[in-house]
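Structure assessment
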Amino acid sequence: MTTYAAPVRDMQFVLHDVLEISKQDLPGHGDLDRAFTEAVLDAAGKLAAEVLAPLNPVGDRQGCRLENGVVRTPDGFRAGFEQMREGGWTALDCDPEYGGQGMPYVIGLAAGEMFSAANMAFTMYQGLTHGAYSAIHAHGSDDQKATYLPKMVSCEWTGTMNLTEPHAGTDLGLLRTKAEPQEDGSYRITGQKIFISAGDHDMAENVIHLVLAKAPGGGEGTRGISLFIVPKFLVNADGTLGERNAVSVGNIEEKMGIHGNATCVMNYDGAQGWLLGELHKGMRAMFTMMNEARIGVGLQGYSVAEAAYQNAAAYACDRLQGRAVTGDENPSGPADPLIVHPDIRRNLMDQKSFLEGARALAFWGAHLIDRAKLADDQQAHDLVSLLTPVIKGFLTDKGFDSAVQAQQVFGGHGYIEEQGMSQFVRDARITMIYEGANGVQALDLVGRKLAAEGGKPIMAFFEMVKSEIKAQETDEVLQAQFCEPLKAASKDLQSAAMFFMEQGMKNPNAALAGSYDFMHLFGHVALGLMWLRMAAAARKALGEGTQDATFHETKLATGRYYMARQLPATAMHLARIRSGAEPVMALDAARF
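A short tour of the structure in this document, coming up. Counting restarts for each chain, with residues numbered from 1 along the sequence as it is written. Totals for whole chains, interfaces and linings use all residues, but because this is a predicted model, local features are given only for residues with pLDDT of at least 70 and pairs of side-chain atoms are given and counted only at 80 or more. Hydrogens are left out, water is left out, and the side-chain values use all remaining heavy atoms of the structure.

What follows covers the overall build of the protein chain. Scanning the protein chain from N- to C-terminus turns up 18 helices and eleven strands. All radius of gyration figures rest on C-alpha atoms, and the globule criterion is 2.2 Å times the number of residues raised to 0.38. The C-alpha radius of gyration computed for the protein chain amounts to 24 Å, which stays within 12% of the reference 25 Å derived for 592 residues, consistent with globular compactness. Accessibility here uses a 1.4 Å probe with only protein chains present; expressed as a share of the type maximum, an area under 20% marks a residue as buried, one over 50% as exposed, and anything in between as partly exposed. For the protein chain, the proportion of its 592 residues judged to be buried stands at 58%. Within the protein chain, residue pairs in contact and separated by at least 24 positions form 73% of the contacts whose partners lie at least 6 positions apart. Carbon and sulfur atoms provide 51% of the accessible area of the protein chain, an area that totals close to 24300 Å². Helix and strand definitions follow DSSP, with helices as H or I runs of at least four residues and strands as E runs of at least two, each counted in order from the N terminus. When checking whether two residues touch, look at their non-hydrogen atoms; a contact exists if any pair is within 4.5 Å. Areas reported as accessible are Shrake-Rupley estimates using a 1.4 Å probe. Residue values count occlusion only from the protein chains shown.

Following this line, the structure appears as structure tokens:
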């Protein structure tokens, strides 16, 4: 059976040595000293390791089942969800006016990493609820907030997002679900939605669905879409639950992974719903939820890989296979452990250097969201909007690759279900697909985000990289090992952006054919920036005589590996981008 231990020490390093969150002039940050955040993260880590992780293989084996219209979750999930609620873990960064604890988003994200690493399928129930909470909090009326948010913050009621239909995946303009206005101000929602994560279950009293539908007078495409609140059980004026709404589960999808989460076909047969936000402006309201969800999916991508890595590293240290080429390192045993072999070290270092960089990037993204919300910082808002497709797409692509690498350490035993490694691979796979498939993220990055605000966000990112490299100009070690590689990678990113500017208007396919490579190129540069920041923090700690020198020396060695072995991939991605559209578009459809 697989195990999980929360990486609290590394999280503390990112929060306090890199982001310096307790020193930020933002509401709620002054109280976030090391002792406080350590207490929060230790408690979250204990719940993740002792409650959620043991349920992970249970959920994988049993899955969810539909019995007489009711979705049943795997054994132990209800009790685990109750512990999650009782501990207040569903409400860490929610508004205190509705029962939340009011902590910064970055703290909620850190706890979410541990929960997702321990049991991704389980954690999705409260994760989807948080997204629905955010949409209602941002766009709901005072009455809607008062009606739904307190119960959603506590997860007595959970939430979903209903976008996809059988004939319309990413192209939401094709959706057919209808919303017919009623005299009392409500709407009757009719249609079918598919792939609805946490669509129904037996762990909460009510499920609050946020449903995209077309109301009369909206026009064609996405312009006609509105967003509606459609509860499973109607809510009476006094807040008690009323009769069952006309929404039902048609089926539970049989999936490759995340078996413990109920992915449902939802049927709306004239269900009563209420407009959320403005009529025919549903996409704007939904994107409040989707942008948060995309950061969360990026988190899932590397979180599952973190759990896989921990198990692979432990196995490599214990499993005896072959002898070191430089001489026996376990002379009293029949063989040396796997960890002595350079290719196993390469495999593990690929994972470790990615995971620690990914954590820093995700935490920085969450911190930018905090700055945007709490300080009304437009630059932070623009920067995190630019980074969102990178966080979602790059971290999930590389997270899946890392989970496969972790499985590879086990050899044939990794392919056997008894070891549990295949679950990490199967669970991680969905992160590359849902909340906007990664190809769509790349198109969004190149087609919309690069040109946003006249290109100011991407130029601000380039200036940030330049200034942070310059800030370390007196440190010869950092200059040679971190700054110079990052400078070269950043130039590759700038060259790619310039290629799109030069080619995009006269040959749009040239830009779109290179979009996926651009997303990965950007991801590598972003992680390179994170490694420069972490290396500077580690160097500072060592210079001040830290009592934890081993941790900081390990951090520097891991960062050097990323800069030397991973960051040079930017040159490959740039070469692909510069090849243009011709190699990609050379064959007509009939020749595939």
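Picking up after the structure, the text goes on.
On to helix α15 (residues 515–543). For a helix, the expected span equals 1.5 Å multiplied by the residue count minus one. Compared with the 42 Å implied by 1.5 Å per residue over 29 residues, the 42 Å span of α15 between its first and last C-alpha is a close match. When you tally the buried positions in α15, you get 24 out of 29 residues, the bulk of the element.

Between N-to-C directions, angles span 0 to 180 degrees; the directions come from axes that are lines fitted to C-alpha atoms, helices contributing only their stretch in contact. Between helix α5 (residues 120–139) and helix α6 (residues 142–153), the shortest axis-to-axis distance is 10 Å and the interhelical angle comes to 155°. Judged by the inter-axis angle, α5 sits roughly antiparallel to α6. When you trace α5 past α6, the crossing you get is left-handed. Only Q144, K145, Y148, L149, M152 and V153 of α6 make contact with α5, whose side of the interface consists of T129, A132, Y133, I136 and H137. Among the residues forming the contact of α5 with α6, the class breakdown is seven nonpolar, three polar and one charged. Here is the rule for angles: anything less than 35 degrees is roughly parallel, anything more than 145 is roughly antiparallel, 65 through 115 is roughly perpendicular, and the remaining ranges are oblique. Helix crossings fall into two classes, left-handed where the near helix is turned counterclockwise from the far one by less than a right angle and right-handed where it is turned clockwise. Any residue outside Ala, Val, Leu, Ile, Met, Phe, Trp, Tyr, Cys, Pro, Asp, Glu, Lys and Arg is labelled polar, Gly included; the first ten of those are nonpolar and the last four are charged.

Next up on the list: the environment of A541. Positionally, A541 belongs in helix α15. A541 gets classed as buried once you look at its relative accessible area, which sits at 10%. Put simply, A541 and E553 are twelve residues apart on the chain and 9.9 Å apart in space, counted from C-alpha to C-alpha. Those residues within four positions of A541 in sequence are excluded, and the remaining contacts are T546 and H552.

What follows deals with the environment of L279. Along the polypeptide, L279 turns up in the loop between β11 (263–276) and α7 (282–318). The contact partners of L279, leaving out residues within four places of it in the chain, are Y187, A215 and S226.

As a further point, take the nonpolar core. Within soluble globular proteins, side chains that are nonpolar generally end up buried alongside one another. Formed by 189 residues in total, the largest nonpolar core has its most connected members in F363, W364, F461, F518 and F522. In terms of residues, this core owes the most to one element, α7, which gives 19 residues. When near neighbours in sequence (up to four residues on either side) are disregarded, W364 contacts L19, L383, L387, F461, M464, L529, M530 and R533. Nonpolar cores were defined as sets of buried Ala, Val, Leu, Ile, Met, Phe, Trp, Tyr and Cys residues, with membership established by side-chain atoms within 4.5 Å.

What makes a salt bridge here is a side-chain nitrogen of Lys or Arg within 4 Å of a carboxyl oxygen of Asp or Glu, nothing more. Going through the model one piece at a time under the given rule, you end up with 31 salt bridges. Here D200 and K232 are joined by a salt bridge, their closest N and O atoms 2.9 Å apart. One end of the pair, D200, is in the loop between β5 (187–197) and β6 (206–214); the other, K232, is in the loop between β7 (225–231) and β8 (233–235), with 32 residues separating them in the sequence.

We now examine the layout of surface pockets. Empty pockets left among the atoms are what a rolling probe the size of a water molecule brings to light. Residues are called lining when one of their atoms sits within 4 Å of a cavity or pocket point, these points coming from a 1 Å grid over the protein atoms alone, where a cavity is a set in which a 1.4 Å probe fits but cannot get out and a pocket is an open set with protein on both sides within 12 Å along at least five of seven lines. Grid points are joined across faces, edges and corners, and a volume is the space filled by probe spheres set on the points. The calculated volume of the second largest pocket comes to roughly 630 Å³. As for the second largest pocket, its lining consists of 28 residues, of which D17, V18, L19, E20 and R533 are closest to the centre. With six residues, the top contributor of residues to the lining of the second largest pocket is α15. Residue composition of the lining of the second largest pocket, by class: 13 nonpolar, six polar and nine charged.

Our focus in this paragraph is the packing of aromatic side chains. Each aromatic ring pair is specified by the distance between its two centres and by the angle formed by the two planes. Paired rings are identified among Phe, Tyr and Trp, the last through its six-membered ring, by centres lying within 6.5 Å, and are further divided according to the angle between planes into stacked (under 30 degrees), edge-to-face (over 60) and tilted (the rest). Here the structure, examined in full by the defined rule, presents twelve aromatic pairs. Measuring from ring centre to ring centre gives 4.0 Å for Y315 and F410, while their planes differ by 20°; the resulting arrangement is stacked. In this pair, Y315 is assigned in helix α7 and F410 in the loop between α9 (378–409) and α10 (421–429), connecting sequence segments 95 residues apart. Classification of F410 as buried rests on a relative accessible area of 7%. An aromatic cluster of at least three residues, connected via ring pairs, comprises F461, F462, F499, F500, F518 and F522. Only when the NZ of Lys or the CZ of Arg is both within 6 Å of the ring centre and within 35 degrees of the ring normal is a charge said to sit over the ring. The side chain of R244 reaches across the aromatic face of F233, ending 5.6 Å from its centre. The ring of W364 carries the charged tip of R533 above its face, separated from the ring centre by 4.3 Å.

At a minimum axis separation of 9 Å, α9 and α10 run at an interaxial angle of 170°. What the angle tells us is that α9 and α10 run roughly antiparallel. Considering how the two elements wind past one another, α9 and α10 form a crossing that is left-handed. Side by side, α9 and α10 meet where F400, A403, V404, A406 and Q407 of the first sit next to M421, S422, F424, V425, A428 and R429 of the second. Within the contact of α9 with α10, the residues separate by chemical class into eight nonpolar, two polar and one charged.

Scope: geometric values only; no functional claims are made or implied.
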